[in-house]
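Analysis of the macromolecular model
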Amino acid sequence: MAGGKEIRNKIKSVQNTKKITKAMEMVAASKMRKAQERMRAGRPYAQKLARIAGHLAQASVSDFKHPFLSGPAEVKKVGVILVSTDKGLCGGLNTNLFRQLVLRMKEWEGGGVSAMQFTCIGNKGLGFMQRMGAKVVSNVIQLGDAPHMERLIGPVKVMIDAYLNGEVDAVFVAYNRFENTMKQEPTIRQMLPLTGEHFKDTVPERSWDYIYEPDAQAVIEEVLRRFIETAVYQSVAENMASEQSARMVAMKAASDNAGNVIKELQLVYNKTRQAAITKELSEIVSGAAAV
């Protein structure tokens with residue numbers, strides 16, 4: 001059994017760790033509220049824009065068909081925009097998303113996809129893809145506590161240009177969708193090409209007829225590009241809200257576990273101390289009896 005001094009050192013070490021995890025829990029709780037407000041503020045705009053994009057995908061414009069609204073009949077090359085965190089200590093948030101993505105990649109390979117390339121938003125996703133040996137065409141890391149559109153547009157444009165140039169047949173976005181503080185859902189959804197099937201939850205059964213001003217090409221071009229930008233921004237905002245929630249829960253669990261470890265170590269220390277005292281008393285009694 002370890003000596004009393006060694007146990008006291010362990011208790012002090014765990015107490016220091018508990019202070020750190022408790023502080024991180026409080027910081028994550030503060031950031032989580034702001035991240036959730038930012039994420040919820042963007043949802044109505046993103047949903048409305050998705051609704052309009054879905055209507056445009058269903059509507060037929062005879063004189064103009066945007067490349068975003070039509071893709072090849074068979075998907076052979078896939079592009080993925082992977083949204084992850086820059087930092088760890090957020091439980092299984094990134095692991096669950098990566099596991100879901102690997103399963104989807106196996107499905108794509110089984111379905112005849114011959115090539116995949118990735119745009120990584122976040123340091124953890126970039127590191128994971130590099131370890132897998134995947135083709136990473138662009139990335140952005142160290143986004144901070146709030147997403148900034150000007151930093152996202154460049155890396156995402158690389159993937160969009162690859163789609164327009166025919167280098168990929170479809171573009172997907174993978175991120176953690178925020179459900180509530182205790183639940184974050186790994187989500188992989190198709191972003192390009194846009195079809196009515198991808199907006200079945202936001203598009204009614206009947207289609208809408210639009211009057212375009214000044215012309216269909218200018219309006220559809222602007223709306224669809226704004227939709228892509230908003231979809232990526234909202235995905236990052238959802239992932240950041242999920243990150244802070246997962247980190248708060250993970251740090252709370254770590255603090256609770258540290259408290260349990262401290263109690264166990266204190267019990268062991270008391271038993272050790274009591275055994276040492278009992279042993280000393282026994283030696284004194286034995287010595288007195290011998291005299």
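Our subject is the structure listed above.
Nothing here was measured: the structure is a model prediction, and the numbers come from that model.

Details of the packing of aromatic side chains
In the structure shown here, the tally under the stated rule is 2 aromatic pairs. Ring centres of Trp108 and Phe172 lie 4.8 Å apart, and the angle between their planes is 45°; this geometry places the pair in the tilted category. Taken together, the residues Trp108 in helix H2 (residues 93-110) and Phe172 in strand E4 (residues 170-180) connect sequence positions 64 residues apart. On the accessibility criterion, Trp108 (10% relative accessible area) is buried.

Quick notes on the pattern of salt bridges
All chains considered together, the criterion is met by 12 salt bridges. A salt bridge links Arg43 to Glu238, with the nearest nitrogen and oxygen atoms 2.7 Å apart. Here Glu238 lies in helix H5 (residues 216-290) and Arg43 lies in helix H1 (residues 4-58), a separation of 195 residues in the sequence. Among the residues examined, Arg43 registers a relative accessible area of 19% and is labelled buried. Residue classification places Glu238 among the buried positions, given a relative accessible area of 2%. Notably, a salt bridge pairs Glu107 with Arg104, separated by 3.8 Å at the nearest N-O pair. Of this pair, Glu107 and Arg104 both sit in helix H2, 3 residues apart, roughly one helical turn.

Concerning the packing of H2 against helix H3 (residues 123-132)
Interhelical geometry of H2 versus H3 gives an angle of 40° and a closest axis separation of 11 Å. When the axis of H2 is compared with that of H3, the two are oblique. For the pair H2 and H3, the crossing hand works out as right-handed. Listed contacts from H3 to Asn94, Phe98, Leu101, Val102 and Met105 of H2 are Lys124, Gly125, Phe128, Met129 and Met132. Class assignment for the residues of the contact of H2 with H3 results in 7 nonpolar, 2 polar and 1 charged.

Digging into the sheet that holds strand E5 (residues 183-192)
With respect to topology, 5 strands assemble into an open sheet ordered E3-E2-E1-E4-E5, the strand pairing being mixed. Taken across any chain shown, the strands that pair with only one partner, and hence form the sheet edges, are strand E3 (135-140) and E5. Neighbour-to-neighbour, the strand axes of this sheet turn through a mean angle of 20°, independent of strand direction. Packed onto the sheet, H3 meets strand E1 (77-83), strand E2 (115-121) and E3 and runs at close to 150° relative to E2.

Conventions used here
- Residues numbered from 1 in each chain as written.
- Predicted model: local features only at pLDDT ≥ 70, side-chain atom pairs only at ≥ 80, totals over all residues.
- Heavy atoms only, no water.
- Phe/Tyr/Trp six-rings, centres within 6.5 Å; stacked < 30°, edge-to-face > 60°.
- Helix = DSSP H or I, 4+ residues; strand = E, 2+ residues; numbered from the N terminus.
- Buried < 20%, exposed > 50% of the residue type's maximum accessible area, 1.4 Å probe, protein only.
- Salt bridge = Lys/Arg side-chain N within 4 Å of Asp/Glu carboxyl O.
- Axes fitted to C-alpha atoms, helices over the stretch in contact; angles between N-to-C directions.
- Parallel < 35°, antiparallel > 145°, perpendicular 65-115°, else oblique.
- Left-handed = near helix turned anticlockwise from the far one by under 90°.
- Contact = heavy atoms within 4.5 Å.
- Nonpolar A, V, L, I, M, F, W, Y, C, P; charged D, E, K, R; others polar.
- Pairing = 2+ DSSP bridges.

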